[in-house]
Amino acid sequence: MKILSLESSCDETSAAVLSETKEGPVLLSNVVSSQIDIHKKYGGVVPEVAARAHIENIIPVIEEALKESKTTLAGIDYFAVTRGPGLIGSLVVGVETAKALAQATGKPLIPLNHLEGHIYANFLEKEKPKFPIIALLASGGHTILILMRDHLNYEVIGSTRDDAAGEAFDKGAKILELGYPGGPIISALAESGDENAYPFPTIDLTESPKRNKDGFLVKPELSMDFSFSGLKTALLNIVKGKGKLTERDKKDLSASYQKAIIDHLVQNSLRAVKKYHPKSFILSGGVAANKKLRERLGGSIKGESKNVSFKVPESILCTDNAGMMAATAYYKVKKAEGKIKSDLDFSAEPNLELN
Ligand code: KG4
Ligand code: ZN
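Predicted model, so just to flag it, every value in this text is computed and none were measured.

Calculation rules
Residues numbered from 1 in each chain as written. Chains lettered and ligands numbered in written order. Predicted model: local features only at pLDDT ≥ 70, side-chain atom pairs only at ≥ 80, totals over all residues. Heavy atoms only, no water. Helix = DSSP H or I, 4+ residues; strand = E, 2+ residues; numbered from the N terminus. Expected span 1.5 Å × (residues − 1). Buried < 20%, exposed > 50% of the residue type's maximum accessible area, 1.4 Å probe, protein only. Arc of directions from axis to C-beta. Contact = heavy atoms within 4.5 Å. Polar contact = N/O pair within 3.5 Å; in protein donor to acceptor, adjacent residues only side chain to side chain. Donors = N, O, S within 2.8 Å, 3.2 Å for Na, K, Ca; no water. Near = heavy atom within 4 Å. Areas by Shrake-Rupley, 256 points an atom, 1.4 Å probe, with all protein chains shown as cover. Axes fitted to C-alpha atoms, helices over the stretch in contact; angles between N-to-C directions. Parallel < 35°, antiparallel > 145°, perpendicular 65-115°, else oblique. Left-handed = near helix turned anticlockwise from the far one by under 90°. Pairing = 2+ DSSP bridges. Phe/Tyr/Trp six-rings, centres within 6.5 Å; stacked < 30°, edge-to-face > 60°.

Asker: Mind laying out helix H9 (residues 291-304), listing which residues take part and the relevant values?
Answerer: Counted at 1.5 Å a residue, the expected span for H9 with its 14 residues is 20 Å, and the 20 Å between its end C-alpha atoms agrees. All of the buried residues along H9 are Leu293, Arg294, Leu297, Gly298 and Ile301. Buried residues of H9 fall within an arc of 115° about the axis and therefore sit on the same side. Exposed side of H9, more than 90 degrees from the buried face: Lys291, Glu295, Lys302 and Gly303 are the residues found there. Of the surrounding secondary structure, the elements contacted by the buried residues of H9 are strand E6 (133-138), helix H8 (247-276), strand E11 (280-284), strand E12 (309-311) and helix H10 (315-318). For H9, the side-chain oxygen to backbone nitrogen distance between the N-cap and lysine 292 is 3.1 Å, and the N-cap itself is asparagine 290.

Take a look at the structure:
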């Protein structure tokens, strides 16, 4: 079985070919054309520019993915595409191209949720995660803790109340005048900075207060929700107070700010592990490419319980790519026992939710 998938939800145009082997799903190609160089002069993704670049890139990227996998369109059994969430103009390019491919070849098309893709990047690893799973998805647009009792079954147990973790990195980099995207730049600078140089507040949210049967308010439970906007404001206040920043300041501020973001992600992840006792904990999304987060979270989870395996995909599979979408499609085909219906009657959905 071979699947060709497309991903164009933000600023990466990507196509991948996945093949089923005795060991499970394996990527034969995963071509990513990044638009970072185009957008970086604007300090962030410009939606109209992104859509136009996807139109230019999508056919060459598909051709490259087919060539690398030594496959032709006739050898593809299923097509798959990210339907949402993401930028509408970007999504439409992938969705309409995928529909054309499915229609022209008569093969089924599977519409997918981008967030599922990030989670399923972990199922491309040789050693598969085991259920129940806790997944932490931290990207530029989302920060969610998810409980998975089985394949394609998601219960959101924590999500951000304001900014996403990747957004916190990107906005922090803007405040420090470092450029775009913020995550990789801040993490590189942080390597030679002192993470204890600046104090940032500890973020610790609670659930909304509830009443007991006698009508009295009870102490609210600790929450697994996230909030990053306070850290961004704290950084802004420090920077305003300092005036012109030296290179040393930028390194120390990057390291301290990164530590505060990671502390918050780790704290809530441990809360989820204590509450749900998963067999595997998986980290995914663009922020999962962060080396320090991978080390800290992995170490803390091992310290909490020897029975939980910690998994994170290789960095190229953490940021947006079509390979992770092909992996999701593979498990959908398996669940439907091959009887998947082609779906051409759908449109791009910028606000698609996980369920
Ligand atoms: O998953 P992704 O590629 O796109 C979305 O679906 O949003 O994530 C992009 C986000 C950006 O905010 C970027 O700054 C962040 O992931 N990111 C990182 C690192 N690499 C990318 N954040 C922290 N450390 C990194 N090394
Ligand atoms: Zn993403």
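This is not the end of the story, as more comes after the structure.
Asker: Residue-level account of the coordination of the zinc ion (ligand 2), with values.
Answerer: The protein atoms donating to the zinc ion (ligand 2) are His114 (NE2), His118 (NE2) and Asp320 (OD), with metal-donor distances spanning 2.0 to 2.1 Å. Sequence spacing of the donor residues for the zinc ion (ligand 2), all on one chain, is H-x3-H-x201-D. Pair noted here: histidine 114 is in helix H4 (residues 114-120) and aspartate 320 is in the loop between H10 and helix H11 (322-335), with a separation of 206 residues, a long-range link. Of the two residues, histidine 114 and aspartate 320, both sit in the buried class.

Asker: Residues and numbers for the site of ligand 1, please.
Answerer: Surrounding ligand 1, one finds 19 residues, the nearest of these being His118, Gly140, Asp170, Gly286 and Asn290. Histidine 118 has a polar side-chain atom sitting 3.0 Å from an oxygen atom of ligand 1. Burial of ligand 1 by the protein amounts to 88% of the accessible area it has alone, namely 550 Å². The set of elements that each furnish at least two residues to the shell around ligand 1 consists of H4, helix H5 (165-175) and helix H6 (182-190).

Asker: So what's going on with the packing of helix H7 (residues 229-242) against H8? Which residues, and what values?
Answerer: Where H7 meets H8, the axes come as close as 11 Å, and the angle between the chain directions of the two elements is 160°. By the angle between their directions, the pair H7 and H8 is classed as roughly antiparallel. As H7 runs across H8, the sense of the crossing is right-handed. Packed against H7, whose contacting residues are Leu231, Lys232, Leu235, Ile238, Val239 and Lys242, the element H8 presents Asp249, Leu253, Tyr257, Ala260 and Ile261 at the interface.

Asker: Help me get a handle on the sheet that holds strand E3 (residues 24-34), residues and values and all.
Answerer: In space, the five strands of this open sheet follow the order E3-E2-E1-E4-E5, with mixed pairing throughout. Each edge of the sheet is formed by a strand with only one pairing partner; in this case those strands are E3 and strand E5 (109-113). Going from strand to strand, the sheet's axes swing by 20° on average, the running direction of each strand aside. Pairing between strand E2 (residues 12-21) and E3: ten bridges, direction antiparallel. Among the inter-strand pairings, glutamate 20 is bridged to a residue of E3, identified as proline 25. Contacts from helix H2 (residues 47-68) reach strand E1 (2-7), E2 and E3, with the element oriented near 25° to E2. Its contacts with the sheet place H11 against E1, E2, E3, strand E4 (78-84) and E5, and it is angled at close to 130° to E1.

Asker: Got a sec to walk through the packing of aromatic side chains? Specific residues and values, please.
Answerer: A ring pair, where both rings are aromatic, is described by two values, the distance of the centres and the angle of the planes. Tallied over the entire structure, the rule returns eight aromatic pairs. Consider the rings of tyrosine 120 and tyrosine 331, whose centres lie 5.3 Å apart with planes at 40°: the pair is tilted. With tyrosine 120 in helix H4 and tyrosine 331 in helix H11, this pair connects stretches of sequence that are 211 residues apart. Across this residue pair, the class does not change: tyrosine 120 and tyrosine 331 are buried. For the ring pair phenylalanine 200 and tyrosine 257, a centre distance of 5.7 Å and an interplane angle of 55° mean the geometry is tilted. Taken together, the residues span a long stretch of sequence, with phenylalanine 200 in the loop between H6 and strand E9 (210-211) and tyrosine 257 in helix H8 at a distance of 57 residues. Overall, phenylalanine 200 belongs to the buried group, its relative accessible area being 14%. Members of the aromatic cluster, joined through ring pairs, are Tyr120, Phe123, Phe131, Tyr330 and Tyr331.

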